[in-house]
Amino acid sequence: MLKRIDAGQVRIGMFVEAVEGLWQDPLLSKRRFSLRREVDAAKIRKSGTASVVINTSKGLDINGLPGRDIEVDIQAARETVQKSVQLLEEAFGRLRNGDGISVDHLTPVISSVSKSMDENPSVFLSVTRLKSKDEVTFLHSISVSALMILFSRHLALDEHTIQMLGTAGLLHDVGKLEIPLEVLNKAGPLERDEISLLRGHPEKGHAILSRQEGMPEIVLDVCLNHHERIDGKGYPRSLSGSEVSLHSRIATICDVYDAITSVRPYKAPWSASEALKWMLGAEGHFDRQLLKKFALCLSVASVS
């Protein structure tokens, strides 16, 4: 439902269809968007513009409550996740059979995930959180992709980069295709040789993707470096500090956050607050300033 409100009533969580009046802002006045940053909400409130048109079916109403049926969102998210898993399985199947893939093969998944994250990120991520043994790699990849899209939008990165980061999230664990299932699905602690085998997946994935024609550098970078740490204690290359790109720093945060907040057959999930508290206390693992922005991003998007 479209509703015209005064600019002073604008708040985080609303979906803005149009900003009316004489005010012009190159980032906010010429596109439809979900209002996720307080700095943007404040900018609109102070603009003196005549009015703002919001869509209560996609965001909050002026009373701060969702304007849509939550069950409708849940069902839509489930359908998106199921279709995305199917398409990702097909893409991974092509790679397993030695056939090629391109970014175009994954465009429908990115479009669907991006749309879901615009409409209700909390619901979409909650649907991906329950990961069965058979679908854990695909659901984890979809969830990481969704988180990277959400976070990169919060960081106001350009749309092309956002799409590439979403694609990188889908493909970051493709190297696990070459890891035996009994290792990937093992419920108990891994043996030393199993750990070594598992830690080889970034390089294996990078090798697979490097053979694909036209694979973007961002995707290759994230695949190879999403387990690197700021303090140089990560793998596979022990990069440190500025050697780790912004794209891989984003991926590392989203990858770990999804892993520890997910429900799996062999472990209980952490809440968002528990996960972020642990991550902020993991000295040297993450880019702390970026991690603080990630925590704010989740808060703005009402992800718990």
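Check the entry above for the structure.
Remember, it's a predicted structure, so these values are computed and weren't measured experimentally. (Residues numbered from 1 in each chain as written. Predicted model: local features only at pLDDT ≥ 70, side-chain atom pairs only at ≥ 80, totals over all residues. Heavy atoms only, no water.)

Q: I tried to follow the overall build of the chain on my own but got confused; where do I start?
A: In terms of helices and strands, the chain carries 13 helices and four strands. Taking 2.2 N^0.38 as the reference for a compact globule, 304 residues should give roughly 19 Å; the C-alpha atoms of the chain span a radius of gyration of 20 Å, in line with that estimate. Once the C-alpha set of the chain is aligned to its principal axes, its extents read approximately 65 × 40 × 40 Å. Per-residue burial over the chain gives 51% buried out of 304 residues. Within the chain, residue pairs in contact and separated by at least 24 positions form 67% of the contacts whose partners lie at least 6 positions apart. Entry remark: accessible area of the chain is about 14,400 Å², with carbon and sulfur atoms responsible for 52%. Computing the positive centroid from 38 side-chain charges and the negative centroid from 39, the chain places the two 5 Å apart. (Helix = DSSP H or I, 4+ residues; strand = E, 2+ residues; numbered from the N terminus. Rg over C-alpha atoms; globule rule 2.2 N^0.38 Å. Buried < 20%, exposed > 50% of the residue type's maximum accessible area, 1.4 Å probe, protein only. Contact = heavy atoms within 4.5 Å. Areas by Shrake-Rupley, 256 points an atom, 1.4 Å probe, with all protein chains shown as cover. Lys, Arg positive; Asp, Glu negative; His and termini not counted. Charge placed at Lys NZ, Arg CZ, Asp CG, Glu CD.)

Q: Mind showing me how you'd approach the nonpolar core here?
A: Taken as a class, soluble globular proteins show a tendency for nonpolar side chains to be buried jointly. The biggest cluster of nonpolar side chains holds 65 residues, and the ones touching the most others in it are Met148, Tyr257 and Phe294. Counting residues in each nonpolar core, the second largest holds 13 residues, with Val19, Ala41, Ile44 and Ile54 among its members. (Core = buried A, V, L, I, M, F, W, Y, C linked by side-chain atoms within 4.5 Å.)

Q: Teacher, can you tell me more about helix H12 (residues 272-281) here?
A: An α-helix turns once every 3.6 residues. As a result, residues three or four positions apart point the same way. Listed as buried for H12 are Ala272, Ala275, Leu276 and Met279. The buried residues of H12 all sit within an arc of 95 degrees when viewed along its axis, so they share a single face. The outward face of H12, more than 90 degrees from its buried face, is lined by the exposed residues Ser273, Lys277 and Gly281. Tucked into the core, H12 has its buried residues touching helix H11 (246-261) and helix H13 (288-300). (Arc of directions from axis to C-beta.)

Q: Would you mind showing me how to read the sheet that holds strand S2 (residues 15-20) here?
A: Across the sheet, which stays open at both edges, the four strands sit in the order S1-S4-S2-S3 with antiparallel pairing between neighbours. This sheet does not close on itself; its edge strands, each paired only once, are strand S1 (2-5) and strand S3 (33-34). Sheet topology note: the S2/strand S4 (residues 51-55) ladder contains four bridges and is antiparallel. What sits directly across from valine 19, in S4, is valine 52. (Pairing = 2+ DSSP bridges.)

Q: Sorry if this is basic, but what is going on with the environment of glutamate 274 here?
A: Mapped onto the secondary structure, glutamate 274 falls in helix H12. Remark: the alpha-carbon pair of glutamate 274 and glutamate 217, spanning 57 residues in sequence, is separated by 34 Å.

Q: Please clarify how the environment of leucine 106 should be interpreted in this entry.
A: Inspection of the secondary structure puts leucine 106 in helix H3 (residues 103-119). A relative accessible area of 0% means that leucine 106 is categorised as buried. Spatially, the C-alpha atoms of leucine 106 and alanine 91 are 7.7 Å apart, while their sequence positions differ by 15 residues. Leave out the neighbours within four places in its chain, and leucine 106 touches Leu88, Ala91, Thr167, Leu170 and Leu171.

Q: Could you clarify how one ought to interpret the packing of aromatic side chains in this entry?
A: Between two aromatic rings, the relevant description is the distance of the centres plus the angle of the planes. Counted under the stated rule, the structure contains four aromatic pairs. Centre to centre, the rings of phenylalanine 92 and phenylalanine 138 are 5.5 Å apart; their planes meet at 65 degrees, and the pair counts as edge-to-face. Of this pair, phenylalanine 92 sits in helix H2 (residues 70-96) while phenylalanine 138 sits in helix H5 (residues 136-154), and the two are 46 residues apart along the sequence. Pairing tyrosine 257 with phenylalanine 294 gives two aromatic rings, centres 5.3 Å apart and planes at 75 degrees, and the pair type is edge-to-face. (Phe/Tyr/Trp six-rings, centres within 6.5 Å; stacked < 30°, edge-to-face > 60°.)

Just geometry here; none of it tells us what the structure is for.
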